[in-house]
Amino acid sequence: MSYATLQQLLDRYGERMLVQLTDRASPATGEIDAAVVDRALADTDAMIDGYLAGRYRLPLAQTPPLVADVAQAIAIYKLHRATAAEKIDADYQQALKTLREIAAGTVRLEVAGVEPAASGATGVRTTDRPRDLTPGNLKGFV
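What counts, and at which threshold
Residues numbered from 1 in each chain as written. Predicted model: local features only at pLDDT ≥ 70, side-chain atom pairs only at ≥ 80, totals over all residues. Heavy atoms only, no water. Helix = DSSP H or I, 4+ residues; strand = E, 2+ residues; numbered from the N terminus. Rg over C-alpha atoms; globule rule 2.2 N^0.38 Å. Buried < 20%, exposed > 50% of the residue type's maximum accessible area, 1.4 Å probe, protein only. Contact = heavy atoms within 4.5 Å. Areas by Shrake-Rupley, 256 points an atom, 1.4 Å probe, with all protein chains shown as cover. Lys, Arg positive; Asp, Glu negative; His and termini not counted. Charge placed at Lys NZ, Arg CZ, Asp CG, Glu CD. Phe/Tyr/Trp six-rings, centres within 6.5 Å; stacked < 30°, edge-to-face > 60°. Expected span 1.5 Å × (residues − 1). Core = buried A, V, L, I, M, F, W, Y, C linked by side-chain atoms within 4.5 Å. Salt bridge = Lys/Arg side-chain N within 4 Å of Asp/Glu carboxyl O.

Q: Can you lay out the overall build of the chain for me, pointing to particular residues and giving the numbers?
A: Counting its secondary structure elements, the chain contains 5 helices and 0 strands. In sequence order, the chain lays out its α and β elements as α-α-α-α-α. Relative to the 2.2 N^0.38 estimate, which gives 14 Å for 142 residues, the radius of gyration of the chain is 26 Å and therefore markedly larger than a compact globule would have. Counting only residues that meet the buried cut, the chain has 32% of its 142 residues in that class. Contacts in the chain between residues at least 24 apart in sequence constitute 74% of all its contacts with a sequence separation of at least 6. Summed over its atoms, the accessible surface of the chain is roughly 9,600 Å², and 52% of this surface lies on carbon and sulfur atoms. Treating the 16 positive side-chain charges of the chain as one cloud and the 18 negative ones as another, the clouds have centres 12 Å apart.

What follows is the structure, given as structure tokens:
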């Protein structure tokens, strides 16, 4: 299951941009090359899975809106063969930051199959020694 689809990219970025980025035929056909988009989406999914694998059971049963948004930003960036526009680059950098936050646990996704079991190194741990002064040996002083 892909985190983003061609239709979502069309809705967000428009057909004109996708034709410019994917029509690599000579001479140009003026059509969106679905194979190029599929490759970018597959690369995007692999990148996202790399970040999510430490926290969530993959594949995700459903795609959370945050992950879909991140996937679209990464996919459109990957479709660029040359330098991407400033907005596309900024969106890509923000998407990577969001993925790092998800991997660190700062941002949590509402999906099943959550985080790995705790190592036991978290929380408060106390150890105590035997008490020298107890109510039994303080009789008469208290």
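Q: Could you give me a rundown of the packing of aromatic side chains, with the residues and numbers involved?
A: Overall, the coordinates contain 1 aromatic pair when judged by the stated rule. On the numbers, 3.8 Å between centres and 5° between planes, the contact of Y77 with Y92 is stacked. Placement of Y77 in helix α4 (residues 65-79) and of Y92 in helix α5 (residues 86-104) is noted, with a sequence separation of 15 residues between them. The exposure class of Y77 is partly exposed, given its relative accessible area of 27%.

Q: Summarise helix α2 (residues 15-22); cite the residues concerned and give the values.
A: Taken residue by residue, α2 has L18, V19, L21 and T22 as its buried positions. The secondary structure elements touched by the buried residues of α2 are α1 (6-13), α3 (34-52) and α4.

Q: I'd like a rundown of α4, residues and numbers included.
A: The first and last C-alpha atoms of α4 sit 21 Å apart over 15 residues, in line with the 21 Å expected at 1.5 Å per residue. Those residues of α4 that fall on the buried side of the exposure criterion are V67, A68, V70, A71, Q72, A73, I74, A75, I76 and L79. Close packing links the buried residues of α4 with α1, α2, α3 and α5.

Q: Describe the nonpolar core, with residues and values.
A: Residues I48 and L52 are the most contacted members of the largest nonpolar core, which totals 31 residues. Elements that contribute at least two residues to this core include exactly α1, α2, α3, α4 and α5. In terms of residues, this core owes the most to one element, α4, which gives 8 residues. Apart from residues lying up to four places away in sequence, L52 is in contact with Y3, L58, L60, I102 and L109.

Q: Describe in detail the pattern of salt bridges, supporting the description with residues and values.
A: All told, the structure shown has 3 salt bridges when counted by the stated rule. Salt-bridge contacts for D43 lead to R39; the nearest nitrogen and oxygen are separated by 3.4 Å. One end of the pair is D43 and the other is R39, both in helix α3 and 4 residues apart, which spans about a single turn. Using a relative accessible area of 28% as the deciding quantity, one classes D43 as partly exposed. You can call R39 exposed: its relative accessible area is 56%.

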